[in-house]
Every structure is written in structure tokens, then in C-alpha cells.
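Chain and residue survey
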Amino acid sequence: MKGTKKLLCLTLSLVLMGMTACSTQNTPAPSAEPSGDPQTTSAALQDSDVDVLVIGAGGAGLSAAVSASENGASVIVVEKMSIMGGNTLRSGGAFNSYDPEGQASTKMDDSLKATVEKLLAVEPINDAHKQLIEDVQKQYDEYLASGSDSLFDSPEWHALQTLDAGDYIGNVDLILTLTRNTLDTKKWLTTNGTVWDPTIRTVIGALWNRSAQTTNGSGADFIQALSTQAEKNGAQIYLDTKAESLLQEDGKVTGATITNADGQTVTVNAKSVVMATGGFAANVDMRVEYNTEWADLGESIATNNHPGATGDGIVMGKAVGADLVDMQWIQLMPLFPVSGGGISGYVNNAIYVNKEGQRYVNEDNRRDVLAQGALNQTDKLFFVINDQTEIDSVQIPQDKLDYMVEAGMLFKGETVEELAENMGVPAENLKKTIEDYGKAVDAQKDEFGRSTWGARLDNPPYYAASYTPAVHHTMGGLKINTEAQVLNAAGEAIPGFYAAGEVTGGIHGTNRVGGNAVPDALVFGKIAGANAAAQK
Ligand SMILES: Cc1cc2nc3c(=O)[nH]c(=O)nc-3n(C[C@H](O)[C@H](O)[C@H](O)COP(=O)(O)OP(=O)(O)OC[C@H]3O[C@@H](n4cnc5c(N)ncnc54)[C@H](O)[C@@H]3O)c2cc1C
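Residues numbered from 1 in each chain as written. Predicted model: local features only at pLDDT ≥ 70, side-chain atom pairs only at ≥ 80, totals over all residues. Heavy atoms only, no water.

Comments concerning the pairing of strand β1 (residues 48-55)
For a regular strand, the rule is simple: side chains alternate between the two faces of the sheet. Across the eight residues that make up β1, a large majority, six, are buried. Of the strand pairs in this sheet, β1 and strand β9 (residues 265-275) are connected by seven bridges, and their pairing is parallel. Residue pairing across strands places L53 opposite V273, the latter belonging to β9. In the sheet, β1 pairs with strand β2 (residues 75-78) via four bridges, with the strands oriented parallel. What sits directly across from L53, in β2, is I76. Following the backbone out of β1, through helix α2 (residues 59-70) and into the adjacent parallel β2, one traces a crossover that is right-handed. (Buried < 20%, exposed > 50% of the residue type's maximum accessible area, 1.4 Å probe, protein only. Helix = DSSP H or I, 4+ residues; strand = E, 2+ residues; numbered from the N terminus. Pairing = 2+ DSSP bridges. Right-handed = clockwise from strand over helix to strand, strands pointing away.)

A look at the nonpolar core
Counting 107 residues, the largest nonpolar core has L53, I55, L246, F497 and F524 as its most contacted members. Looking at this core element by element, the count peaks at nine residues for helix α18 (residues 517-534). Of the domains in this structure, domain 1 (2-90 + 217-329 + 475-534) and domain 2 (103-198) are the two that each give at least three residues to this core. With near-sequence residues (within four places) excluded, L246 lies in contact with I55, V253, G255, A256, V273, M275, M316, G317, V320 and F497. (Core = buried A, V, L, I, M, F, W, Y, C linked by side-chain atoms within 4.5 Å. Domains from an automatic or database assignment. Contact = heavy atoms within 4.5 Å.)

Section: the environment of E447
Looking at where E447 falls in the secondary structure, it is placed in the loop between α17 (427-443) and β15 (462-474). Residues E447 and R180 lie 267 residues apart in sequence; the distance between their C-alpha atoms is 35 Å.

Structural notes on empty space enclosed by the protein
The full count for this structure, using the stated rule, is four cavities of 30 Å³ or more. G86, N87, T88, G278 and E502 are the residues nearest the centre of the largest cavity, which is lined by 45 residues in total. Of all the elements in the fold, those that place two or more residues in the lining of the largest cavity are α2, α3 (86-90), β7 (242-249), α12 (312-319), β15 and α18. Across the lining of the largest cavity, the residue classes tally to 13 nonpolar, 24 polar and eight charged. (1 Å grid on protein atoms, 1.4 Å probe; cavity = no way out; pocket = protein on both sides within 12 Å on 5 of 7 lines; lining within 4 Å. Points joined across faces, edges and corners; volume = space filled by probe spheres on them. Nonpolar A, V, L, I, M, F, W, Y, C, P; charged D, E, K, R; others polar.)

A look at the sheet that holds strand β16 (residues 477-479)
Judged by pairing direction, the sheet is mixed, and its three strands sit side by side in the order β10-β16-β19 without closing on themselves. Each edge of the open sheet is held by one strand with a lone partner, namely β10 (324-325) and β19 (504-505). In the packing of α12 onto the sheet, the strands contacted are β10 and β16, and the crossing angle to β16 comes to about 40°. (Axes fitted to C-alpha atoms, helices over the stretch in contact; angles between N-to-C directions.)

Some remarks on the sheet that holds strand β4 (residues 196-201)
Overall, antiparallel pairing links the three strands, which are arranged β3-β5-β4 in an open sheet. Strand pairing shows two members of the sheet lacking a second neighbour, β3 (95-96) and β4, which therefore form its edges. Inspection of the sheet shows β3 paired to strand β5 (residues 211-214) by two bridges, in the antiparallel sense. Looking at β5, one finds that F95 is bridged to A212.

Looking at the domain arrangement of the protein
Taken domain by domain, the protein comprises domain 1 (2-90 + 217-329 + 475-534), domain 2 (103-198) and domain 3 (332-470). Each of domain 1 and domain 3 has a C-alpha centre, and the two are 34 Å apart.

Quick look at the UniProt feature "domain: FAD-dependent oxidoreductase 2 FAD-binding" (unreviewed entry) in the protein
Mapped onto the present numbering, the UniProt feature "domain: FAD-dependent oxidoreductase 2 FAD-binding" (unreviewed entry) falls on residues 51-518. Summarising residues 51-518: 34% helix, 22% strand, and an end-to-end C-alpha distance of 26 Å. (UniProt positions renumbered as here; feature names shortened; annotations may be inferred.)

Digging into the packing of α2 against α18
Across the interface, α2 lies against α18 with an axial gap of 7 Å and an inter-helix angle of 40°. The orientation of α2 with respect to α18, classified from their angle, is oblique. By crossing handedness, the relation of α2 to α18 is classed as right-handed. Within the contact between the two elements, α2 uses G59, A60, S63, A64, S67 and A68 and α18 uses A521, L522, G525, K526, G529, A530 and A533. Looking at the contact of α2 with α18, its residues break down into seven nonpolar, five polar and one charged. (Parallel < 35°, antiparallel > 145°, perpendicular 65-115°, else oblique. Left-handed = near helix turned anticlockwise from the far one by under 90°.)

As C-alpha cells, this is what we get:
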């Protein structure tokens, strides 16, 4: 089974890379999930006793499996799909982290300073927020006094931006646990086989230049590295194996009832369980049940999630008394491919224009603003415009570009007029839009309030791909504390029960920052695994 799984991961990774030409957070979903038959290479899971049972082999689950096993626990991971990875596998793998070394070459400017100063001036909503502002203010004062012209950043500034982007709904302690552990987790991932692209960028909705990615620009790299390490550490991973419900004795979670790959019901008794089943963006009924923000999240809107993102862990957790938090906040990804191709998800060298060839939004804004902005445009459609500068930055091979252009997935023009004609938008409008944008780049200022500035769009050839919003991320889920213990309605930890990743809620508030979810899964997976291993 081991060989089969690795091959599947690698194959899908290559498919993802090929489709995205690297480095996007809007990785198009593979048209079909590769399927594997674990029965050809291994026996189905039987009744078992184990220290730690991990439910879900995505980023959070595999991070927990490595962490628990390196802390001496025996580990079983069950994954209901035929491949590991979940949404983490689909993701562009953008990983936000304060990283002074990686960010050193990024310069600070007046609009970025204004962004910091704006959040420092916000009236605190509680003591934790007040403390956070004071901490960032102190760091910022020291930074200004140092005379540095490099980008200002810190785990606390990352936390303040995350809190603000989520409209001050997020739990500050959880947010700080995330942002103070990203750099260490990044290093831990490196020791577990992850290879990083040294360039730090701003993925869509990331709000600050702190998005790291692996060299392949794919979340598949995390799955490959962590599953290899988990197996090296002795963890057993079972595919096509679905957790149905949790076992509970005297309030303590003691394992799960599971349908194995042969369709038999088996029991795994465990000293602790880590729930890592991901979100519920692919469950239309749950979307409709919990949504309060968007006009319609029913069948009329697509999702870019893998089909297994059906909220199973939320249902199982609720049944053993877990409290739920922030369930109504569901994120739309503005960048769901319509034409099918694209250059990158980075904002730095891109503008968004509508079918009229006009900009309508600040491209470095929050995702909910970008999504609503796109939904307001003709046919709910918009184009991302890039030129050769972004191609050089993300290094897309010419044959991939040519393929996308020939297949109609990407529009190309040697001139703006030619691009406009191929896109079917008024050339005069697009020309004026790009000229105005050039002036805005020079002035580092525009009418939309943009603060992330790359190059002017004057380096042909020009490229455009079309997009519409799709259901992307569910911010709510099981309520946890900073030790990744699942809490009941009284705020008490449910013994033996841990959770990590998109199945949990409380961090992202109303609107998740782009590039914060993969670190959420990997940071809290690591914490959950270590704590679960210590459970007696
Ligand atoms: C297209 C796309 C691109 C993205 N890009 C980025 C990005 O670049 N950066 C970023 O920060 N975030 C990104 N995100 C969000 C991010 O990928 C996810 O939030 C994160 O990876 C979730 O990790 P997870 O481990 O919690 O869940 P998942 O990775 O989804 O893993 C959950 C696993 O649990 C399994 N499972 C579910 N129910 C059961 C059950 N009953 N029994 C057994 N197994 C079960 C699932 O099949 C799945 O394999 C992206 C999301 C998408 C959809």
C-alpha cells in the first residue's frame, strides 16, 4: 500500500502542477480524482487498540500523525477517500508566516505604514485585543526607530491582521497560537522533507507579503513529506476507511466506529482521538443550513473543494457534546477558474477587470470583499491580467503557457488591444485601465485603496484568465482551546478529544486571510498530535 499511496500523491501533485503552472492558491480542482485500490496492496483495518487515532489524512491529520508518532505514540490514521490529502492536496500550499530571513528583501512603503497605523488606531474590543495592539505598537515603534526599510512584520502583527480581517470575531489566543508557531512549524516541515521556494509573496487575500510556498507551489508537497515521515515513524494509514461515529465512556472519547475498506464495521479503541476531517464546503445541505452571509450557497454556486469536505467531523463531534463556533461564516474564493487557466494567485503584478475592461476593486483586499465585488460584475465574471513580469517571477515554462493559450484557457496579446480582442472586452476601456494602473503604480496610490504594488503592466506579452467566485472555506467548526482540545458548551475540554484544521472554528472569524489555512492545519495538527500522544 505504501508504494501505491506515494505514487498516487506524486501523480496528483504533477497533475496539479501542470494545471496551475505553479504558485497559485486558486489551484483548479483536478477534473477527476485518481483512485487507488488499497486492497491490492494491504489488508483492511480490523478491530484495533492504539494510542492515537487520527481521523482524516489531510494536512492536519498527517501533521498530527507525525507529531504523535515522534512523541512515541502508536498511531492509526483513517482516510475515507481513496487518496490522502483532502483540500490540502488541492491547495496551492501558500503558508503565511512571519519570516525575517525570507522577507528581508521586501521593502516597506508609506501605504504599508498606513495599513499598520490604521489597525493600531482601532478601539480595542477586549483586553486580549488591547494587549495585542500594545505589543504591536511597541514592535512598530522599535522598527521605526531602527531606520529599517525592510517590511515590518511579527507574529503579533500577523495576528492583528488576522483578527481584523475576521471582523474581530476570532479568538485572540488561538490566533496567536497560530501566528507564533508558523515559523517553528515551517522549520519542522523542512526537517520532515518539505522544500521551500525562497521567494515570499502575497497570495490573494493574504494582506501582507508573508506567503511562503514549496518549490512546486502545491500542497501536495506537504502531503508527500508528512505521509512519508508518518510511515517512517510507524504510523499506519488506511485509505477508503471512514470514521462513522466516536466512542465515549464517562465523557472521555475512547475511539471510533469505522467502516473499513471491505465495507465492514470495525472498532478502534484509542487513548485519544484527533479529529482532522476538514471543512464542509462540499456539503450543500450544511452550507445552506448555516449560511447567513451570502444570498445563496445552494447548488447554484460551485465549490473548489474535494468531494470529501462534507463536515463529518463536525457531526461526529457534536454527537459527543462538542461546542460549535462561527458556523455561519463561509468563504467564497474569488478566483474559481472559468476559462480554466491562469498565471498565478499573487496580487503583486496583477489587476482584476470586468467584462467592460475596467477595474472595480482593490485587488489586495479581503476575500469577502473581492468575492462580493466579483458577484456584482456582469455575469459574475472577471479577468486577472498579468504580463511577462509575473511569468518571469513565477517561472512558468513556455510550453505550458502555449498549451493554455491554444486550449483557450488563457487569453494572450502582444498588445493590450490584441489582448482585449481575445478576451472580448472593449479595447479602449482596457487600454485606459492599464494606463491608469501604470500611473497608480508610479504614485503608489489609486482610487480603490490598493497598497500592494508590483510592476506596471507594460511588459508584453499580456495574459488574462477569467474567474468567478466559488465556495472555498468554512471558517466555523469544533470549538478548541490552544492545546487543540475540543471544548463542550461549558468551555471544558472533552477528555481524549483533539481537533485541528478546517474542522475547527474560532481562528478566522468572518473571513479567513488567504494563506492562513494551511498553516492553521499544520500548526494545530502538530500541537494536537503531541498532546494526544501524552494522553493516558
Ligand atoms: C483549491 C484550494 C486551494 C487552497 N489553497 C490554499 C493555500 O494555498 N493556502 C492556504 O492556507 N489554504 C488554502 N486552501 C485551504 C486549505 O487547503 C484547507 O483549509 C486546509 O488544507 C484544510 O486542511 P485539513 O487537514 O483541515 O483538511 P483536509 O486537507 O481537507 O483533510 C481532511 C481529510 O479528512 C478526510 N475525511 C473527512 N471525513 C472523514 C471521515 N469520516 N473518515 C475519514 N476521513 C475523513 C477527508 O477525505 C480529507 O482527506 C485551499 C483550499 C482549496 C479548496
